[in-house]
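Coordinate analysis (summary)
These are the residues of each chain, in order.
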Amino acid sequence: MGGEQRLQRIRRLARIARLMDTAIGIPGTKLRLGADSVFGLVPVIGDGAGAMIGLYIVNEARRLGVPKEKLSRMVGNIALDACVGSVPLLGDVFDLYFKSHRRNVQIILDHFGVMQEDIRRP
């Protein structure tokens, strides 16, 4: 796989992570939330849906060639997010601060030595 094709796939994953974790800013604060926080309001099903999207990101990382130990860390991030996120109220607050999808995309970026600025370019 060529470098440009890899970069396009990473950009797509970064867009998904942004949508899931930080798409909307809360006025008057520096906090941001995304679809994962909204999904989390629906008990069990919402956290499961967020985890499924997270597993898609992990699978794409696997297809890109990210090593198993990093994939394991990514799965751990998703598991923590899903488990703590499923606790009423505590999970909703947790989702505001623990952005598993963004963390996992950062693992991919770090692995390939890609900077945030590189994925913002069209």
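Residues numbered from 1 in each chain as written. Predicted model: local features only at pLDDT ≥ 70, side-chain atom pairs only at ≥ 80, totals over all residues. Heavy atoms only, no water.

A look at a nonpolar patch on the surface
Basically, it comes down to this: For patch building, the residue pool is restricted to those with more than 30% relative accessible area and no salt bridge; the joining distance is 9 Å between like charges and 5 Å between nonpolar side chains (Val, Leu, Ile, Met, Phe, Trp, Tyr). Here the Shrake-Rupley method, with its probe set to 1.4 Å, supplies the accessible areas, and only the displayed protein chains count as covering residues. Throughout this description, the term salt bridge denotes a Lys or Arg side-chain nitrogen within 4 Å of a carboxyl oxygen of Asp or Glu. In DSSP terms, a helix is any run of H or I states spanning at least four residues, a strand is any run of E spanning at least two, and both are numbered starting from the N terminus. Throughout, exposure labels follow a simple rule: accessible area from a 1.4 Å probe, protein chains only, divided by the maximum for the residue type, with under 20% read as buried, over 50% as exposed, and the rest as partly exposed.
Taken together, the side chains of Val38, Phe39 and Leu41 make up a nonpolar region of the molecular surface, amounting to roughly 270 Å² of accessible area. Looking at the secondary structure, you find valine 38 in helix H2 (residues 35-39). Here valine 38 falls in the partly exposed class, since its relative accessible area comes to 46%.

Observations concerning empty space enclosed by the protein
What counts is decided by this rule: Cavity: a set of points on a 1 Å grid over the protein atoms alone where a 1.4 Å probe fits but cannot get out. Pocket: an open set with protein on both sides within 12 Å along at least five of seven lines, its lining residues, like those of a cavity, having an atom within 4 Å of a point. Grid points are joined across faces, edges and corners, and a volume is the space filled by probe spheres set on the points. Polarity classes work like this: nonpolar for Ala, Val, Leu, Ile, Met, Phe, Trp, Tyr, Cys and Pro, charged for Asp, Glu, Lys and Arg, and polar for all others, with Gly in that last group.
If you walk through the whole model with that rule in mind, you get one cavity of 30 Å³ or more. Empty space within the largest cavity amounts to approximately 50 Å³. For the lining of the largest cavity, the secondary structure elements donating two or more residues are helix H3 (45-64), helix H4 (68-85) and helix H6 (100-112). Of the residues that constitute the lining of the largest cavity, the class distribution is three nonpolar, three polar and three charged.

A closer look at the pattern of salt bridges
Side chains that differ in sign of charge can pair as their charged atoms come close. Going through the model one piece at a time under the given rule, you end up with four salt bridges. Between arginine 12 and glutamate 60 there is a salt bridge, with the nearest N and O atoms lying 3.0 Å from each other. Placement of the pair is arginine 12 in helix H1 (residues 3-21) and glutamate 60 in helix H3, with a sequence separation of 48 residues. Judged by its relative accessible area of 30%, arginine 12 falls in the partly exposed class. With a shortest N-O distance of 2.8 Å, arginine 63 and glutamate 60 are connected by a salt bridge. Of the two residues, arginine 63 and glutamate 60 both sit in helix H3, three residues apart, roughly one turn of that helix.

Some thoughts on the nonpolar core
The cut-off we apply is this: Among buried residues, the Ala, Val, Leu, Ile, Met, Phe, Trp, Tyr and Cys ones that are joined through side-chain atoms within 4.5 Å form a nonpolar core. Throughout, a contact is declared for two residues whenever any of their heavy atoms are within 4.5 Å.
With 20 residues, the main nonpolar core has Ile10, Met74, Val105, Ile108 and Ile119 as its most contacted residues. Secondary structure elements with two or more residues in this core: H1, H3, H4 and H6. Beyond its immediate chain neighbours, meaning those up to four positions away, isoleucine 10 contacts Leu64, Ile108, Leu109, Phe112, Val114 and Ile119.

With respect to the packing of aromatic side chains
Defined as follows: Only rings of Phe, Tyr and Trp enter the pairing, Trp through its six-membered ring, and a pair is recorded when the two centres are within 6.5 Å. The plane angle decides the type: under 30 degrees is stacked, over 60 is edge-to-face, the rest tilted.
Summed over the entire model, instances satisfying the criterion amount to one aromatic pair. Ring geometry for phenylalanine 94 against phenylalanine 98: centres 5.0 Å apart, planes inclined by 20°, an arrangement best described as stacked. Residue classification places phenylalanine 98 among the buried positions, given a relative accessible area of 10%.

Quick word on unusual backbone geometry
Although it is not a glycine, leucine 89 sits at a positive phi angle of roughly 65°. Along the chain, the position of leucine 89 falls in the loop between H4 and helix H5 (90-97). Given the relative accessible area of 66%, leucine 89 is considered exposed.

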